[in-house]
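Each chain, written out:
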Amino acid sequence: MAPAFIRSIALESALGADPATHCDALRHQHLPRPAAVTDSTGQTWPLLRLAAAGDKGGSPLARVAARALDDAGLTATQRGAMPVFLGSTCLDMPDHEQAFAARPDQPALMHAHCGRTLDRLCTTLALAGPQYTFSTACSSAANALLHAQAMLAAGAADHALVLGVELQNQLTVSGFASLLLLTPDALRPFDADRDGLILGEAAGAVVLARTAEPAQDWARLLGGASGCEAGSPTNSSPEFLRRIMQAALASAGISRDELIAVKAHGTGTPSNDAAEGAALATLIDGRCPITALKPYFGHTLGACGLIELIGLLMAWRQDLLPGTPGFRSPDAAPAIAPVTESRALPASGAILCNSFGFGGNTTSLVVQR
């Protein structure tokens, strides 16, 4: 499949809303201060909220979409015709919860549908092209990127807008708490003492193009692979994860020896990190550094495949590979040791990016500069 060119990016997260702020935090490991949220049992958990937007109006998703479209320099005609892809698990659930809290006598979910969030956005920004919503757990936005690339490669469009959003809602907090997957302390990917994840809010946008503009493009999306191992509702096996990563490399037309880094999924949960660590230990075998970015953003669930890619690209433009905060000691073999300090990253090369979701859905992407 032909590569897609990442023409523009935009991101709002707990770290802030501009590339300079994100790069500074990623370089110096400045972690955002978590807010406290309560699950349905009354227990309190940390959550990384979006940084204050100041006097900026509109929703965070609309803001990042508008910024990415402006930075891409697209005409009104190009914007109006381009397909739009959204990856999310929360979708419009926060709105439904607010509506139910205000009017508990009304059936708030009677008029819910998975495309409502994207419908509203496209109406606001006068985007009249095809709309696609992906909700495949934590691989949602990564799958949105893959499908957008496929549409461009087929010649069905010249540009595509890919979005990811995750916002706090009670169902998500209580659901993860009930699964014993939240930590009250710190998110420590791949550390022997990891004990869970911290949820995060974020909104991100990427404009993909079918043809290159070398002076403008952030990177190339070479390809990727996605699959579903349905044997467990929450876990995947190391063998399956390794096969997906190998298929992603094959799709991109590169070997593991050509990778300059891996951006791991790295949830900080015991079983997911164990499976991903074992898969990476055999596939990568120490050939390149590995980092995990969820301590900076929190686990942004359906949006994480896009949010973490954008953060990685912001750092990569500064020739930087962010370190992994919280990692102190490796787990039992097979184990990996992500980089703990930010380090120089070659200006050109390829990076493997993992997004592994509940229900066994697994997606790996390969980006190149």
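Above this text sits the structure in question.
## So, the sheet that holds strand β15 (residues 361-368)
- Strand order in the open sheet formed by 10 strands is β5-β4-β6-β8-β1-β9-β15-β14-β10-β11, and the pairing between neighbours is mixed. With partners counted over all chains shown, the strands left at the sheet margins are β5 (131-134) and β11 (290-292), one partner each. Within this sheet the neighbouring strands show an average axis-to-axis angle of 25°, counted without direction.
- The pairing of strand β1 (residues 4-12) with strand β8 (residues 202-209) spans seven bridges and is antiparallel. Paired with Ile9 across the bridge in β8 is Val206.

## Points about the layout of surface pockets
- What the largest pocket holds in volume is close to 260 Å³.
- Forming the walls of the largest pocket are 14 residues, and the residues nearest its centre are Ser59, Leu61, Asp95, Thr117 and Arg120.
- Elements with a contribution of two residues or more to the lining of the largest pocket: α2 (60-72), α4 (93-102) and α5 (116-125).
- Looking at the lining of the largest pocket, the element that brings in the most residues is α5, giving four residues.
- Split into classes, the residues belonging to the lining of the largest pocket amount to eight nonpolar, three polar and three charged.
- Here the second largest pocket defines a volume of roughly 190 Å³.
- As for the second largest pocket, its lining consists of 12 residues, and the residues nearest its centre are Thr89, Leu171, Thr172, Phe176 and Leu301.
- Per element, the largest residue contribution to the lining of the second largest pocket is four residues, and it comes from helix α7 (residues 170-178).
- Taken together, the residues of the lining of the second largest pocket break down into eight nonpolar, four polar and no charged.

## Description of the environment of Ala141
- In this fold, Ala141 is placed in helix α6 (residues 140-153).
- C-alpha of Ala141 to C-alpha of Val165: the two residues are 24 residues apart in sequence and 8.6 Å apart in space.
- Contacts of Ala141, omitting those with residues within four sequence positions, involve Gly87, Val162, Leu163, Gly302, Ala303, Gly305 and Leu306.

## A word on the packing of α6 against helix α11 (residues 304-317)
- Here α6 crosses α11 at 80°, and the two axes come no closer than 5 Å. Judged by the angle between their axes, α6 and α11 are roughly perpendicular. Of the residues in α11, those in contact with Ala141, Ala142 and Leu145 of α6 are Gly305, Leu306 and Leu309.
- Here the residues of the contact of α6 with α11 sort into five nonpolar, one polar and no charged.

## Notes on the pattern of salt bridges
- Per the stated rule, a full pass over the model turns up 16 salt bridges.
- Here Arg328 ties to Asp191 by a salt bridge, and the two come within 3.9 Å at their closest N and O atoms. Of this pair, Arg328 sits in the loop between β12 (320-321) and β13 (343-344) while Asp191 is found in the loop between α7 and β7 (199-200), placing the two residues 137 residues apart along the sequence.
- Where Arg328 meets Asp193, a salt bridge forms, and the shortest distance between an N and an O atom there is 4.0 Å. Of this pair, Arg328 sits in the loop between β12 and β13 while Asp193 is found in the loop between α7 and β7, placing the two residues 135 residues apart along the sequence.
- According to the relative accessible area criterion, Arg328 is exposed, its value standing at 58%.
- Several salt bridges converge on common partners, so that one network encompasses Glu12, Arg63 and Arg67.

So, how was this worked out
Residues numbered from 1 in each chain as written. Predicted model: local features only at pLDDT ≥ 70, side-chain atom pairs only at ≥ 80, totals over all residues. Heavy atoms only, no water. Pairing = 2+ DSSP bridges. Helix = DSSP H or I, 4+ residues; strand = E, 2+ residues; numbered from the N terminus. Axes fitted to C-alpha atoms, helices over the stretch in contact; angles between N-to-C directions. 1 Å grid on protein atoms, 1.4 Å probe; cavity = no way out; pocket = protein on both sides within 12 Å on 5 of 7 lines; lining within 4 Å. Points joined across faces, edges and corners; volume = space filled by probe spheres on them. Nonpolar A, V, L, I, M, F, W, Y, C, P; charged D, E, K, R; others polar. Contact = heavy atoms within 4.5 Å. Parallel < 35°, antiparallel > 145°, perpendicular 65-115°, else oblique. Salt bridge = Lys/Arg side-chain N within 4 Å of Asp/Glu carboxyl O. Buried < 20%, exposed > 50% of the residue type's maximum accessible area, 1.4 Å probe, protein only.

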